[in-house]
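# A structural walkthrough
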Amino acid sequence: MFFKDIIGQKEVKERLTRTAREGVIPHAQLFCGPEGIGKFPLALAYAQYLNCENPSENDSCGQCPSCIKYNHLAHPDLHFVYPIVKKAAKKKEVCDDYITDWRNFIKEKDYYFSYNQWLEYIDAENSQGLIYAKESEEILRKLSLRIYEAKYKTMIIWMPEKMHESCSNKLLKIIEEPTENTVFLLVSDTPDNIITTIQSRCQRINIHGIEKQDIVQALESAYNITPEDAGNVAHLSKGSYLKAIETISLDEEHKLFFNLFVQMMRASYARDIKQIKTIGNELAGVGRENQKSFLIYSQRMIREYFISNLKHPEMIYVSSDEANFGTRFAPFINERNITGFMDELALAERHIEQNVNAKMVFFDLCLKITMLIKS
Ligand SMILES: [Zn+2]
């Protein structure tokens, strides 16, 4: 992992590379901050940088034997600890039993991932992921190994808040009396859930959300997206690159809903009964869950368009299509009909939940909208 491939986080990168160059390397560091902002890639890039044989001022070389092994996440002096679920039948009990999954997962997610994504990846079903007591023996064993070839033996512990107490206590001992040239990098979404004795023995690195402009740039280079849409998605993501990607992948469904919404409003406005029937039929075919989601989406849109009339500065649309449609449509939503709109959409949602015939529900809804839209 290179620092240059990490989105934003300029200050943290500078701090990490500077302290490394100066040889100030605390043996236990806690990278903390919200999900999806790049804590794990930062810790990994830092570990690679510490061990690179020919680092530049800002990054690892990428060419030396250490960098090459780091790139494969397979350096003999790089160890990972992460939550797992025990699968007795498959003899999966410690992190190393999942190491292939772990490496594939990181590559597949391109270094940005969440706890829930990992659990899903390893088919945890309803089980919680944990770093089990047994892992402590593994940690001790790995740290007692002679250092193979690196400058630093590095142990990256992802989500230490999921560590079993007895494992935490053993870890505490090693953090207090570390073996030579050993670096612990703990990466946590919720550091307050780590036992305080460990927290207090780590040098804490607080990492904040990614700057909006950096997310915009990353989105524009990774996706076929207009600068305007990238800006809106970045705004909604509140500094989390993961959240931004999630918003974009919801896009398909989102576009479908938007188109249906526009059709429904246009047909209702035009009192085009034939078209209203067609839309009712189309919506009847998308399944109950989608029908509900569509009605929830419609309520949000009506609310946003109403607010946009009040020139509320915080109003934000996900896509420019919605904003464009809004410039024509929003003036039809006003204080006389907003409650009616919201009530009718909520009623339709309840009827869908109660299994009322969808064609009837949407036909009725459109007729109500034809009345509301004129008031
Ligand atoms: Zn290198």
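Computed from a predicted structure; not experimentally measured.

## Looking at the coordination of the zinc ion
- The protein atoms that coordinate the zinc ion are C52 (SG), C61 (SG), C64 (SG) and C67 (SG), at distances of 2.3 Å.
- Classification of the site at the zinc ion as tetrahedral follows from its four donor atoms and the range of 101 to 121 degrees in their angles at the metal.
- Here the donor residues of the zinc ion share one chain and are spaced in sequence as C-x8-C-x2-C-x2-C.
- The buried category is assigned to C52, whose relative accessible area is 0%.

## A short note on the pairing of strand β2 (residues 78–81)
- By the alternation rule, side chains of β2 split into L78 and F80 and H79 and V81, which are all buried.
- By the bridge criterion, four bridges tie β2 to strand β3 (residues 153–158) in an arrangement that is parallel. Of the residues in β3, the one forming a bridge with H79 is M155.

## Details of unusual backbone geometry
- Notably, Y111 is not glycine yet its phi reads approximately 75 degrees, a positive angle.
- For Y111, the location among the structural elements is in the loop between α4 (99–108) and α5 (115–121).
- For D123, which is not a glycine, the phi torsion comes out positive at approximately 55 degrees.
- Along the polypeptide, D123 turns up in the loop between α5 and α6 (135–144).

## Concerning the domain arrangement of the protein chain
- When cut into domains, the protein chain gives domain 1 (3–206), domain 2 (211–249) and domain 3 (252–374).
- Inter-centroid distance (C-alpha atoms) of domain 1 to domain 3 is 47 Å.

## Considerations on the packing of α6 against helix α7 (residues 165–176)
- Orientation of α6 relative to α7, taken along the N-to-C sense of each, is 20 degrees, at an axis distance of 8 Å. When the axes of α6 and α7 are compared, the pair comes out roughly parallel. By crossing handedness, the relation of α6 to α7 is classed as right-handed. Touching E135, S136, I139, L140 and L143 of α6 are C167, K170, L171 and I174, all from α7.

What counts as what
Residues numbered from 1 in each chain as written. Predicted model: local features only at pLDDT ≥ 70, side-chain atom pairs only at ≥ 80, totals over all residues. Heavy atoms only, no water. Donors = N, O, S within 2.8 Å, 3.2 Å for Na, K, Ca; no water. Tetrahedral: all angles 85-135°; square planar, octahedral: opposite > 155°, others 65-115°. Buried < 20%, exposed > 50% of the residue type's maximum accessible area, 1.4 Å probe, protein only. Helix = DSSP H or I, 4+ residues; strand = E, 2+ residues; numbered from the N terminus. Pairing = 2+ DSSP bridges. Domains from an automatic or database assignment. Axes fitted to C-alpha atoms, helices over the stretch in contact; angles between N-to-C directions. Parallel < 35°, antiparallel > 145°, perpendicular 65-115°, else oblique. Left-handed = near helix turned anticlockwise from the far one by under 90°. Contact = heavy atoms within 4.5 Å.

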